[in-house]
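# Fold and geometry: a report
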Amino acid sequence: MKAEISKNYNPSEIESRWYQYWLDNKLFESKPNPEKEAFAIVIPPPNVTGVLHMGHMLNNTVQDVLVRKARMEGKEAVWVPGTDHASIATEAKVVALLKEQGLDKKQLGREKFLEHAFAWKEKYGGIILEQLKKLGASCDWSRTRFTMEPELSKAVIDVFVDLYNKGLIYRGVRMVNWDPLGLTALSDEEVIHKEVRSKLYYVRYELENAQGHLTVATTRPETIMGDTALCVHPEDERYRHLIGQKAKVPLVNRWVNIIADDYIDREFGTGVLKVTPAHDINDYNLGLKHKLQVIDVLNPDGTLSEAAEIMVGEDRFVARKKAAKMLAEQGLLEKEEEITNNVGTSERTGAVIEPRISMQWFLKMESLAKPALEVVENDTVKLHPAKFKGMYRAWMENVHDWCISRQLWWGQQIPAFYMKDGTILVAPTKKEALKIARDKYRLFALNESDIEQDPDVLDTWFSSWLWPISVFDGFKNPDNEDIRYYYPTNDLVTAPEILFFWVARMIMAGLEYRKEVPFKNVYLTGIVRDKQGRKMSKSLGNSPDPLDLIAQYSADGVRIGMLLSSPAGNDLLFDEKLCEQGRNFTNKLWNAFRLVGGWEVKEQEISSLDSLAVSWMQARMNQALKESNDLFTKFRISDALHVMYKLIWDDFCSFYLEIIKPAYGQPIGSSVLQETISIFDWLLRFAHPFMPFVTEEIWHQLGERKSGDSICIASYPSEKVVDADLLSQVSVVVEELLVPIRNYRNSNQISPKTVLEGLQISNANSWVKPYLPLVVKLGNTAEFTFADSLSGQVFAGKRLDWSVPQEERELNAEEKEKLMAELEYTKGFLLQVEQKLSNERFVANAKADLVEKERQKKTDAEAKIAALEKVLAS
RNA sequence: GGGAGCAUAGCUCAGCUGGUUCAGAGCAUCUGCCUUACAAGCAGAGGGCCGGGGGUUCGAAUCCCUCUGCUCCCA
């Protein structure tokens, strides 16, 4: 142990020093080792464009705790890091950057654009991984992957080709979610529904033969020009007579049929629907059913197209207002009404989604979803907390085909090649496509310039769903050592919002390509919100910069802060105070070390009191370890942290150390110090997964360590038998003797320095004798004397009666009241117990030990009542 | 409109298949202490008809029904 211990713990210097030490000694690197059990976590790859936010902090802290614990438990632990190419987000960012430089994506062309994008990625991509190091993340950085690196892209392409050949991928015209800002299709999962206030316009459609008009309620008057029918409910008495007749579409004065369908909700608006097959999914389906014409009045960018005939080129929202105005001018706008409705917005660009008919690629989900549901139902993959199972089931049972094509350039280009006649050749490369043309279609003359590759790329999730396999090169070489050893991985830690996007699909891919699930446990973290419960976001400015937090509270402090109040699956209401609490805890640990490391030592056998303290502390440690391990198996990490926190703060610092602490200026006995150091060492290893830096620093100062040694690879404490009797006896002594003595001091304003004299304890409590030295020390009392009958002020507990000497005085009113209340309570309690015991059905039905416990309660209560009455009578 | 879930102390939550004086923890609050590792600390205390109503049971915070209020997911 070093002589000099700095008075203050200096985290920033210590944290960067140890992180470098860990890297230098390659402590996080892992290779398959048949001697050891494998433990693997793959990181949910953050976007290359990303910077660390609070969600990452929580998520990665949890992963680090899990992987560090596994590593210390002697498993061959690996945490594979990497980043995601994030098609839309990254492309949007690069496009914006180019725009600043006066460059345009289309003018540049695909090749040049991708060059810019890659340059951008090289420069800014992966900042987030550097930031993770500040948090202490023990990733195996030598294994860092990127979803768009050549190997991983190849896996994506091969999987596409394979699924196409299996008949699971098809191309078709469908109504998709169109992002008019990103100019791409999106999957259902990328659409976020938001409630907004909007206007419902009541529009008049003139009827033929001067029969008047029909009023239609619509939120989208700008699509009126695309109407190709009106529709009413077949049994709606109001309109039945009009079915089969014609109505005139306003603004464009086109006659359309009035049709009937029981899809119509008679309650909504006027019960008449304008059918616009090109711009609404339900209308689209109606259109298919009734073979209606489709008039697409919008351009991809959300402006009105030539087909609209009027307002061509106007933005859809501008056109909406104009259309309303025009209708009003023509006397066709009956009224406007404020309503609340749901609109879909793009997860990435925020633009209001436009349902749009277009040619896209789809993956059939049904056959993939079925087995993926099964493995969650039967707990092959466990969701933590399990409440997400229900949500998972609901989604998997109603899964839609996955639109996997995106009209972007940043990503894996779809390996489909089109011949001039429209024939599709799906192959990893152009060469191989030509080979198919030759082999399958016998087109020997076809050459490269005769076929053209689909310009679109694949949805980013189409590469991330392969992540747990592809990071171990399981596609390139399905039998390699890594994948055989690490797959299936153990735990996946992620946010519930991507349960379907990502988790479900990884399970599908795992089952499809490895015939095995990709992970055994899925820990779903909550969303990090601010104190008012608002989601943290850039626009609200309510998200603290994680690096600032680390600078202020230390990485250990922030880690503790994040975990203190984040049970799995619950949103975390983040409050900087939690980080402060975390920092205070690291500080507490440091100060405990200053105490233990700062004593003069003298050769001495251990005293019986110290020996008791050591046995008790060890019993508490074993108890806490058992609890903690149990909580870890249930993924109740936050609770496990609480167990550790209380063990160190309350049991070790406030109790154990106070017992063994020698009087001021006195040296400590060598034996008890040795015991204390090994206890401390144990506690550090127990705490290390949560707070890696401070534990490493103290651990190194606490004993002689070899070069390259680290607490990261020291062994995690192992479970031993808990001495439960010792624990329960000490807790009785604390609750019924020590705490009341301290209370007595408080209420009588006796200084802690004053030695309490003349305490008596009842002879009936002789079992307590061995524990009295503990009370003498912590309560600062003189020796107790045993007596048959107590004199002075008597304190009556359940198991212990004792007294302090006192000049003759009446109990004051307050004290009396308190004792009376206690007496009343105990009497009531006794009554309940007696009733229970006299209830034959209880005695007959309840378990024997339970009845025995009730009997014990009865004797305890009776004893207490007698003692209280005695005190009150005196 | 369909589905999942929640309601326990001022706040955030725990309380597993009913039974340990079961009504708990942390934070916050209050009281007293600058006690010799730590005031970023120490020693204590107060605080809840377990959302309302009904039922099952010897026994309900826990199981069932219902009402009310909230959240999330999907359309």
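Residues numbered from 1 in each chain as written. Chains lettered and ligands numbered in written order. Predicted model: local features only at pLDDT ≥ 70, side-chain atom pairs only at ≥ 80, totals over all residues. Heavy atoms only, no water.

### Side note on the sheet that holds strand β15 (residues 382–384)
Sheet architecture is open: three strands sit in the order β15-β23-β22, paired in parallel fashion. Of all strands in the sheet, those with a lone pairing partner are β15 and β22 (489–494), marking the two edges. For this sheet the average axis-to-axis angle between neighbouring strands, irrespective of direction, equals 20°. (Pairing = 2+ DSSP bridges. Helix = DSSP H or I, 4+ residues; strand = E, 2+ residues; numbered from the N terminus. Axes fitted to C-alpha atoms, helices over the stretch in contact; angles between N-to-C directions.)

### As for the pattern of salt bridges
Scanning the entire structure with this criterion turns up 44 salt bridges. For K121, the salt bridge goes to E122, with nearest N and O atoms at 3.7 Å. For K121, a relative accessible area of 15% corresponds to the buried category. Classification of E122 by relative accessible area gives exposed; the value is 59%. Across the pair D473 and R145 runs a salt bridge whose closest N-O atoms are separated by 3.2 Å. Residue D473 is found in the loop between α13 (467–470) and α14 (481–486), and its partner R145 is found in strand β4 (residues 145–146); the two are separated by 328 residues along the sequence. Of the residues examined, D473 reaches a relative accessible area of 23% and is grouped as partly exposed. Note on R145: relative accessible area 12%, which makes it buried. Here the salt bridges share partners, and the residues they tie into one network are R220, E222, R316, R320 and E354. (Salt bridge = Lys/Arg side-chain N within 4 Å of Asp/Glu carboxyl O. Buried < 20%, exposed > 50% of the residue type's maximum accessible area, 1.4 Å probe, protein only.)

### Quick word on the protein's contact with RNA strand B
In the neighbourhood of RNA strand B, 42 residues make up the surrounding shell, with N342, W649, N743, L850 and K857 lying closest. When the atoms of RNA strand B within 4 Å of the protein are sorted by group, sugar and phosphate make up 64%. Between RNA strand B and the protein, one listed contact pairs a sugar or linking oxygen with a side-chain N or O atom of N587 at 3.4 Å. One nitrogen or oxygen atom from the side chain of W649 is found 2.6 Å from a phosphate oxygen belonging to RNA strand B. Of all elements in the fold, only α18 (576–597), α20 (637–660), α23 (724–748), α25 (813–838), α26 (840–845) and α27 (848–873) reach the threshold of two or more residues within the surface near RNA strand B. Tallying contributions element by element places α18 first for the surface near RNA strand B, with nine residues. Taken together, the residues of the surface near RNA strand B break down into 15 nonpolar, 12 polar and 15 charged. (Near = heavy atom within 4 Å. Polar contact = N/O pair within 3.5 Å; in protein donor to acceptor, adjacent residues only side chain to side chain. Nonpolar A, V, L, I, M, F, W, Y, C, P; charged D, E, K, R; others polar.)

### Concerning the confidence of the model for chain A
On average, residues of chain A score 88 in pLDDT, and 97% of them reach the 70 mark or higher. Looking over chain A, one finds the lowest element-wise mean pLDDT in α25, namely 73, and the highest in strand β2 (residues 76–80), namely 98. Among the scores for the predicted complex, ipTM is 0.92 and pTM is 0.88. (pLDDT = per-residue confidence, 0-100.)

### Focus: the nonpolar core
Ranked by size, the top nonpolar core spans 194 residues in total, and within it L363, F462, W465 and F690 carry the most contacts. Top contributing element to this core by residue count: α20, with 15 residues. Beyond its immediate sequence surroundings of up to four residues, L363 is in contact with L163, L168, I169, L368, D401, W402, I404, F462 and W465. Counting 31 residues, the second largest nonpolar core, distinct from the first, contains Y205, I224, M311 and A324. (Core = buried A, V, L, I, M, F, W, Y, C linked by side-chain atoms within 4.5 Å. Contact = heavy atoms within 4.5 Å.)

### Comments concerning the packing of aromatic side chains
What the rule picks out here adds up to 36 aromatic pairs. Judged by centre distance (4.9 Å) and plane angle (65°), the rings of F118 and W410 are edge-to-face. Of this pair, F118 sits in helix α4 (residues 105–124) while W410 sits in the loop between β17 (405–406) and β18 (416–419), placing them 292 residues apart in sequence. Here the aromatic rings of F652 and F680 are separated by 5.3 Å at their centres, their planes lie at 70°, and the arrangement is edge-to-face. Of the two residues, F652 is situated in helix α20 and F680 in helix α21 (residues 670–687); the sequence distance between them amounts to 28 residues. (Phe/Tyr/Trp six-rings, centres within 6.5 Å; stacked < 30°, edge-to-face > 60°.)

### Side note on the pairing of β2
Most of β2 sits inside the fold, with five of its five residues counted as buried. The side-chain alternation of β2 yields two buried faces, one formed by E76, V78 and V80 and the other by A77 and W79. As defined by bridge partners, strand β1 (residues 38–42) adjoins β2 across five bridges and the pair is classed as parallel. In the sheet register, A40 faces β2, and the bridge partner there is V78. In this region the chain leaves β1, passes through helix α2 (residues 54–72) and returns to the parallel neighbour β2; the handedness of that crossover is right-handed. (Right-handed = clockwise from strand over helix to strand, strands pointing away.)

### Some details on helix α5 (residues 127–135)
Along α5, the residues classified as buried are I128, L129, Q131, L132 and L135. In a view along the axis of α5, the buried residues occupy a sector of 155°, so they form one face of it. The inward-facing, buried residues of α5 abut α2, β3 (82–83), α16 (546–553), α17 (555–564) and α22 (692–702). Looking at the residues trailing α5, positive phi occurs at G136, about 95°. (Arc of directions from axis to C-beta.)

### Considering the environment of P662
Along the chain, the position of P662 falls in the loop between α20 and β27 (668–669). Exposure remark for P662: the relative accessible area of 17% places this residue in the buried category. For the pair formed by P662 and N521, sequence separation is 141 residues and the distance between their alpha carbons is 48 Å.

### Thoughts on the packing of helix α10 (residues 388–397) against helix α15 (residues 499–513)
Interaxial distance between α10 and α15 falls to 12 Å at its minimum, and their mutual angle equals 75°. The angle between α10 and α15 places the two elements in the roughly perpendicular class. In this structure, α10 uses F388, M391, Y392, W395 and M396 to contact α15, whose residues at the interface are L499, F500, A504, I507 and M508. For the contact of α10 with α15, the residue count by class is 10 nonpolar, no polar and no charged. (Parallel < 35°, antiparallel > 145°, perpendicular 65-115°, else oblique.)

### Examining unusual backbone geometry
Residues H384 and P385 are joined by a peptide bond in cis, for which omega reads 0°. By secondary structure assignment, the location of P385 is in the loop between β15 and α10. That bond from Y487 to P488 is cis: its omega, -5°, falls within 30 degrees of zero. Positioned with a positive phi, L251 is a non-glycine residue whose angle comes to about 70°. L251 gets classed as buried once you look at its relative accessible area, which sits at 12%.

### Considering a nonpolar patch on the surface
On the surface, V51, Y124 and I127 cluster together into a nonpolar patch covering about 240 Å² of accessible area. Mapped onto the elements of the fold, Y124 is located in helix α4. Take Y124: its relative accessible area is 36%, and that puts it in the partly exposed class. (Patch = residues over 30% accessible without salt bridge, like charges linked within 9 Å, V, L, I, M, F, W, Y side chains within 5 Å. Areas by Shrake-Rupley, 256 points an atom, 1.4 Å probe, with all protein chains shown as cover.)

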